[in-house]
Structures are given as structure tokens and as C-alpha cells.
Amino acid sequence: MTQEIIIAGFGGQGVLSMGKMIAYSGMVEGKEVSWMPAYGPEQRGGTANVTVIVSDERISSPVLSRYDTAIILNQPSLDKFESKIVPGGTLIYDNYGIIAPPTRTDIKIYKINAMDATNELKIKKAYNMVVLGALLSVCPVATVESVLKALHKKLPERHHNLIPMNEEALRVGMGLIKPM
């Protein structure tokens, strides 16, 4: 199994961190992984994306032009990456940042209300984990348990008190996903 994923949005939405969590989770499960970020000089507010590959086999190149799965968090990213999803692939988007929704009919499209959920639950800092939970519910590239193990390894010990909030966010995201 190989999953080639693009995650794209604005800087500050946790795009790169989400990609790292997927990569770390894959490593926890003994899979081959690749994590390749791309972002503008703005960091917060500028566009950012990350390509993540998780595979049971060796990865020949981290450079991709087509993706099995795309997580899109703003309109510029949808405009840029919708056409680069392979036929039969998956597109997950948060409707908060999208003005013109996706139009393709040859891919599976899922809408999530992640921003609304984080505001309602007062877990705004875990927005990317809500989105990650949505991904895991339709594309089980890793288990929730592996993500939690990765959080324990990635987060400094002084921030381990945030792990329960992140677990809640993952589970909320898993329940938010809606096919279009």
C-alpha cells in the first residue's frame, strides 16, 4: 500500500505539522515515509503545502505531480491542486476557506466543518488534528494509536498535557467527514 498525499492551506493552519504527524505515525508503524514541505516566505498567512508519502515499500522519489489524496484548506490551494488528484482519488476540504467548491466528478470528495467544530469545542489550537482525524476516517494511512505515539515522541514533555486535547480533536474529526 502506498498513499501519496498533499496537504495545502495557509501558513498557521498546521499544514506542515499535520504532514509531520502522518509521517511520524507511518514510522511508528514501520512504514517507509517521505515528508516534503513547501511554503512561501510569509510563514503565517502565506500559502503552505506538504507532500507526504506513506508506503509499505521503498519510496523512489519524494517529488510528485499527482496525488492519491488531497487535503485542501483554502481556495488558492483548491484551485492549484484539485486537477492533480488521480482519478478515483480523494479530496477532503474544509468549507470554511472555500468559496467555489470542488467540481470534479471522477474523485471522492468529502467536506468537513473543521473550523466550526474547533470553535464550538474551544480547541482552536487542534484544528489540524481535527482535519487529520477526518483523513484517518476515510484513508486509514495510520491508526489513531500510532498518531498518539507519534505525538508522545514529537511533542516536548512539557507539552504532553496537550495530548488528550489532540486525541479529542482526532476523534471529533473522524466524526465530521461527509461525502459530497
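Everything below is about the structure printed above this text.
Residues numbered from 1 in each chain as written. Predicted model: local features only at pLDDT ≥ 70, side-chain atom pairs only at ≥ 80, totals over all residues. Heavy atoms only, no water.

(A) Representation of the pairing of strand β1 (residues 2–10). As judged from the nine bridges shared by β1 and strand β3 (residues 47–55), these two strands associate in the antiparallel manner. Along β3, the bridge assignment pairs Ile7 with Val50. Of the pairings in the sheet, the one linking β1 to strand β4 (residues 67–72) comprises four bridges and is parallel in character. What sits directly across from Ile6, in β4, is Ala70. (Pairing = 2+ DSSP bridges. Helix = DSSP H or I, 4+ residues; strand = E, 2+ residues; numbered from the N terminus.)

(B) Layout of the side chain of Asn74. Note on placement: Asn74 falls in the loop between β4 and α2 (75–81). Asn74 sits in the buried class, given a relative accessible area of 0%. Separated by 2.6 Å, the side chains of Asn74 and Ser77 make a polar contact. Once you skip the residues sitting within four places of it in the chain, Asn74 turns out to touch Ala8, Gly9, Phe10, Gly97 and Ile98. (Buried < 20%, exposed > 50% of the residue type's maximum accessible area, 1.4 Å probe, protein only. Polar contact = N/O pair within 3.5 Å; in protein donor to acceptor, adjacent residues only side chain to side chain. Contact = heavy atoms within 4.5 Å.)

(C) Geometry of helix α1 (residues 15–28). The end-to-end C-alpha distance of α1, which contains 14 residues, comes to 20 Å, matching closely the 20 Å that a straight helix rising 1.5 Å per residue would cover. Buried within α1 we find Val15, Met18, Gly19, Met21, Ile22, Ala23, Ser25 and Gly26. Looking at the buried side of α1, the elements it contacts are β1, β2 (32–39), β3, β4, α4 (127–138) and α5 (144–154). Gly30 sits one or two positions beyond α1 and adopts a positive phi of about 80°. (Expected span 1.5 Å × (residues − 1).)

(D) Molecular detail of the pattern of salt bridges. Inspection of every chain in the model, using the stated rule, returns three salt bridges. Linking Lys31 and Glu29 is a salt bridge whose minimum nitrogen-to-oxygen distance equals 3.0 Å. Classification of Glu29 by relative accessible area gives partly exposed; the value is 28%. (Salt bridge = Lys/Arg side-chain N within 4 Å of Asp/Glu carboxyl O.)

(E) Geometry of the pairing of β4. The element β4 is largely enclosed, with a buried count of five among its six residues. Read from β4 through α2 to strand β5 (residues 85–94), the crossover connection turns out right-handed. (Right-handed = clockwise from strand over helix to strand, strands pointing away.)

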